Amino acid sequence: MSVLIVIPARYASTRYPGKPLVTLRGASGAAKSLIRRSWDAACDVAGIEKVVIATDDTRIADASQAFGAEVVMTSATCQNGTERCAETLKKLEGDFDLVVNLQGDAPLTPAWFIEDLVQGLRNNPNADVATPVLRTEGRALNGLLQDRKEGRVGGTTAVFGADYNALYFSKEVIPYTGQDFADHDETPVFHHVGVYAYRPKALAAYAQWGAGPLEQLEGLEQLRFLERGVPMLCVEVAAKGRQFWELNNPEDVPRIEAMLAEMGQD
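Residues numbered from 1 in each chain as written. Predicted model: local features only at pLDDT ≥ 70, side-chain atom pairs only at ≥ 80, totals over all residues. Heavy atoms only, no water.

> Help me understand the overall build of the protein chain, please; the structure alone is not making it clear to me.
Counting secondary structure elements, the protein chain contains nine helices and twelve strands. Rg of the C-alpha trace for the protein chain: 17 Å, near the compact-globule value of 18 Å for 266 residues, within the 12% margin. Over its C-alpha atoms, taken along the principal directions, the protein chain stretches across nearly 50 × 45 × 35 Å. For the protein chain, buried positions account for 54% of its 266 residues. (Helix = DSSP H or I, 4+ residues; strand = E, 2+ residues; numbered from the N terminus. Rg over C-alpha atoms; globule rule 2.2 N^0.38 Å. Buried < 20%, exposed > 50% of the residue type's maximum accessible area, 1.4 Å probe, protein only.)

This is the structure in structure tokens:
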């Protein structure tokens, strides 16, 4: 199966304007932009035919082309990354079996998260959309709870059924536990990893639908599938000692830089 990775990136983020061009220092002190780190993460994935950055902003395009990335210019009217992926697929020449949306704010995404996601969709021919979920340890869960306590919209959590089809995604921390967890305790809360894999027909259908009320309330693009009755397969991935966090707010920059330093990543 041929797989395309699209990294959608926009400059005009409501919570953090210019976010793709923010620099993050690695363990050696080397500074790389968020979009460069996201590109590097995508290029580490095995079995991928093509990786492109999709944007409507020339500043992001110029910066991306400067480090050797292939860029597809998309419309400024795209409401989210999934719509940008759909437009990118229409513009590219090539017949891809799967399209992966690696959002440009997740530079700590390990290659195996995406490899396992693609394999999960391959193993489930009846599923048209899939996304990874990561069981949190106490350290990550406490970070999510602290964000909410301080009024920040941070990471997204997911709940799913026995068949691993998603029941809901939220920027609130779900399910509620009321328990205290030490840093390395396993918890019942799953962090949603901001990556999606779609079959082209699902991506094309998504682009024709308008945003539903839940998508608008939560600001979560994947809820459009659930609101339309399209199952979304949750693929559980393993941390293998790696920390995972997304860059949603300016406060996340030192948090991610500390994780890069702790894990020895440049």
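Back to the text.
> I keep staring at helix α1 (residues 34-43) and nothing clicks. Help me out?
Two residues of an α-helix separated by three or four positions point the same way, owing to the 3.6 residues in each turn. With seven of ten residues buried, α1 lies mostly within the body of the structure. Those residues of α1 lying buried are Leu-34, Ile-35, Arg-37, Ser-38, Trp-39, Ala-41 and Ala-42.

> I tried to follow a negative patch on the surface on my own but got confused; where do I start?
Together, Glu-137, Asp-183, Asp-185, Glu-186 and Glu-236 make up a region of like negative charge exposed at the surface. Of note, Glu-186 is situated in strand β10 (residues 186-192). The class for Glu-186 is exposed, based on a relative accessible area of 61%. (Patch = residues over 30% accessible without salt bridge, like charges linked within 9 Å, V, L, I, M, F, W, Y side chains within 5 Å. Areas by Shrake-Rupley, 256 points an atom, 1.4 Å probe, with all protein chains shown as cover. Salt bridge = Lys/Arg side-chain N within 4 Å of Asp/Glu carboxyl O. Lys, Arg positive; Asp, Glu negative; His and termini not counted. Charge placed at Lys NZ, Arg CZ, Asp CG, Glu CD.)

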